[in-house]
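Close look at the chain arrangement
So the chains spell out like this:
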Amino acid sequence: MEISRQHIGIYDIAVPLWVGGMGVRISGWQLVLAVLLEGCLGTLTSMGLGDLSHGMTYAEFNRTSCAALEYEIAMLHAAMRERNITGRPFAVNIMGALSNADDLVRTAVNAGAKIIVYGAGIPRTLPAVVQDPNVALVPVISSARLAQLILKMWKRYDRVPNAFVIEGPEAGGHLGFSFEQLQHMEEYSLENILAETLALIRPYEDACGRKIPLIAAGGLYTGGDMAKMYALGATFVQMGTRFVATNECPVSQEFKQAYVNARPEDVTIIKTPVGMPGRVLRNVFLKRLQNGNIPTPSCPFHCILSCERDAAGFCIAERLVNSYRGDTDNGLIFCGANVHRINCIMSVHELITELIDGVHASPLTLPRTL
Ligand SMILES: Cc1cc2nc3c(=O)[nH]c(=O)nc-3n(C[C@H](O)[C@H](O)[C@H](O)COP(=O)(O)O)c2cc1C
C-alpha cells in the first residue's frame, strides 16, 4: 500500500500516523518531538502536569497545571527550532472531564498549539472557547452517535469538527464504552464504528464542502493493522501503547518494563475515579486496592468534575504520577489491549520505520475516495 500526505484543517502532515495524547505526562514534549521528526503528528498531554499536591486550592491547581502546559509547549517549540521543524503542527490533548479543561484549551492555543484533540467528555462549547478557525478541533469519539451529537451541537457555532479520532474498545487509557458494551467487543469493534461514522459524516462533508478525516485508534499494533484501517477509509491512524515503550517516551523505565513484561492475563479493566472504564495492568497497587488497603486522600481542588474518588478509593492523578515516576507498585498503569505483544524498547525512528514498512508491504489498497 502506498500512503501519502494528509490534511487536518489547514495543516499538512507527511505521514498519516498520529501518536495519541497519553496522560499522565506520558506523551511529553520529548516523545512528541521524536514523532514530529519522523513526519507524523504527535499529541502533547495536558493531564496532571506540574507540581500538584493535595494541599492546593482549585486556583493554585489551575495556575500550576496551565503554567506547566505552557512550559511543555515552550520546551517543544525550543527543541523544534533547534531541529529546524518549526513549521510542523502538533496537537494538544485535553481531557474534557477535567474541571479546568477550558483553561487548558486556552493555554494551549495561546502557546501556539494548532490542533486540539478533546476526549473523555463531550466538547459542547469547544468552538466558543476556540474561535480561531485556523485551530483544528478534533473530538475523540467511540460511536457514530457521539459524532452526530457533536455535529448537531456545533451547528449553532457554524463549526464542523476538523476531524474525529475514533477510539475503539481495544485502546489504552479511559474507554468510551460501558462495561456491558466491553463484554461485546466484536459488536463495538473499531472496524464497525469506523464504517458507521464514515456513512454518518458523508452528508455533512457534502454540506460543508470538505472532507472530515477520521483517525482510527485502539489496538492497532502493526503496519498491517494500519493498512487495514486506511483501506477501510480512515485518513490517519493513531497509536498509543507501542509508543510508551520507546526510548524517547519520558515515562519511567519501570513503567516501560511493565509493558515489556506484560502477559495477556495481566490486562484488566477497572472503573476509575473518572467514572469510566480504564484498561490497566494488574500490579501490586491493584491488588491492594481490591483488598481495600489504600487510604483515600483528601482533595480540596477536585481536578476531575465527575471524580468518584471515595467510591473508587484512590486519587487517579496521584496514582498515575506514581507510575510515571517509577513507583509502579503504588501506581496505576494504563495500557492498550495489545500491550502483551511488546517485547522490547526501541527508538521512535525504529518503530515508525517498522510500521511504515509494514504498510508498504500490505497488499491492501486505499479506497478510491481517499
Ligand atoms: C498509557 C496511556 C494513557 C492514555 N491517556 C490518554 C489521555 O490522557 N487522553 C486521551 O484522549 N487518550 C489517552 N490514551 C489513549 C491514546 O491516546 C490512544 O488513542 C490509544 O492508546 C490507542 O490505542 P493503543 O494504545 O492500542 O494504540 C492513553 C493511552 C495509553 C496507553
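Residues numbered from 1 in each chain as written. Predicted model: local features only at pLDDT ≥ 70, side-chain atom pairs only at ≥ 80, totals over all residues.

1. Some details on the site of the ligand
The line we're drawing: Whether a residue is near a molecule or strand depends on its C-beta atom, placed from the backbone, lying within 6 Å of it. The helix count covers DSSP runs of H or I at least four residues long, the strand count covers runs of E at least two residues long, and both are numbered beginning at the N terminus. Note on residue categories: nonpolar means Ala, Val, Leu, Ile, Met, Phe, Trp, Tyr, Cys or Pro, charged means Asp, Glu, Lys or Arg, and polar means any other residue, Gly included.
Taken together, the neighbourhood of the ligand is formed by 29 residues, with G20, G172, G173, G240 and G336 sitting nearest. Counting only elements with at least two residues in the shell around the ligand, the list comes to β5 (91-95), β11 (236-239) and α9 (241-244). A class-by-class count of the residues in the shell around the ligand yields 12 nonpolar, 15 polar and two charged.

2. Regarding the packing of helix α2 (residues 58-82) against helix α3 (residues 101-110)
What counts here: Axes here refer to lines fitted to C-alpha atoms; in helices the fit is confined to the stretch in contact. Angles between the N-to-C directions go from 0 to 180 degrees. Just so you know how the angles are binned, under 35 degrees is roughly parallel, over 145 roughly antiparallel, 65 to 115 roughly perpendicular, and the rest oblique. Each crossing gets its handedness from the near helix: less than a right angle anticlockwise from the far helix is left-handed, clockwise is right-handed. Distance between backbone-placed C-beta atoms decides contact: two residues are in contact if it is within 7 Å.
Packing of α2 against α3 brings their axes to within 9 Å, and their N-to-C directions diverge by 30 degrees. On the basis of the axis angle, α2 is roughly parallel to α3. Crossing handedness for the pair α2 and α3: right-handed. Residue-level inspection shows N62, S65, C66, L69, E70 and I73 of α2 in contact with α3, the latter providing D103, L104, T107 and A108. A class-by-class count of the residues in the contact of α2 with α3 yields five nonpolar, three polar and two charged.

3. Regarding the sheet that holds strand β13 (residues 277-281)
Counted only if it meets this: Here, strands pair whenever DSSP counts at least two bridges between them.
Ordered in space as β9-β13-β12, the three strands form an open sheet in which the pairing is antiparallel. Only two strands of the sheet have a single neighbouring strand rather than two, namely β9 (173-174) and β12 (267-271). Of the strand pairs in this sheet, β12 and β13 are connected by five bridges, and their pairing is antiparallel. Bridge assignment links I269 to a residue of β13, and that residue is R279.

4. So, the sheet that holds strand β3 (residues 17-19)
One closed barrel accounts for eight strands, arranged β3-β4-β5-β6-β7-β8-β10-β11; its pairing is parallel. Recorded for the sheet is a direction-independent mean angle of 25 degrees between the axes of neighbouring strands. Examined bridge by bridge, β5 and strand β6 (residues 115-119) share five bridges and lie parallel to one another. Residue pairing for β6: I94 is matched across the bridge by Y118.

5. What about the domain arrangement of the protein chain?
The following threshold applies: Residue ranges assigned to the domains are those given by an automatic or database domain assignment.
Splitting the protein chain by domain gives domain 1 (6-250 + 345-361) and domain 2 (256-330). Each of domain 1 and domain 2 was reduced to a C-alpha centroid, and the two centroids are 23 Å apart. Tallying the contact residues gives 25 residues for domain 1 and 24 residues for domain 2.

6. Quick look at unusual backbone geometry
Just so we agree on the cut-off: To assign burial, the other C-beta atoms lying within 10 Å of each residue's own C-beta are counted, with C-beta atoms placed from the backbone; 20 or more indicates buried, 12 or fewer indicates exposed, and intermediate counts indicate partly exposed.
Note the cis peptide between G23 and V24, where omega equals 5 degrees. You can see V24 is positioned in the loop between β3 and α1 (29-37). With a phi close to 75 degrees, R25 is a non-glycine residue in the positive phi region. When you line up the elements, R25 lands in the loop between β3 and α1. Classification of R25 by C-beta neighbours within 10 Å gives buried; the count is 21. Despite not being glycine, N84 has its phi angle at roughly 60 degrees, a positive value.

7. Considerations on the environment of C335
Its location among the elements puts C335 in the loop between α13 (316-325) and α14 (348-361). C335 sits 76 residues away from Y259 along the chain, and the two C-alpha atoms are 7.9 Å apart. Setting aside its immediate chain neighbours within four residues, C335 contacts G172, T241, Y259, A262, V267, R279, V280 and L281.

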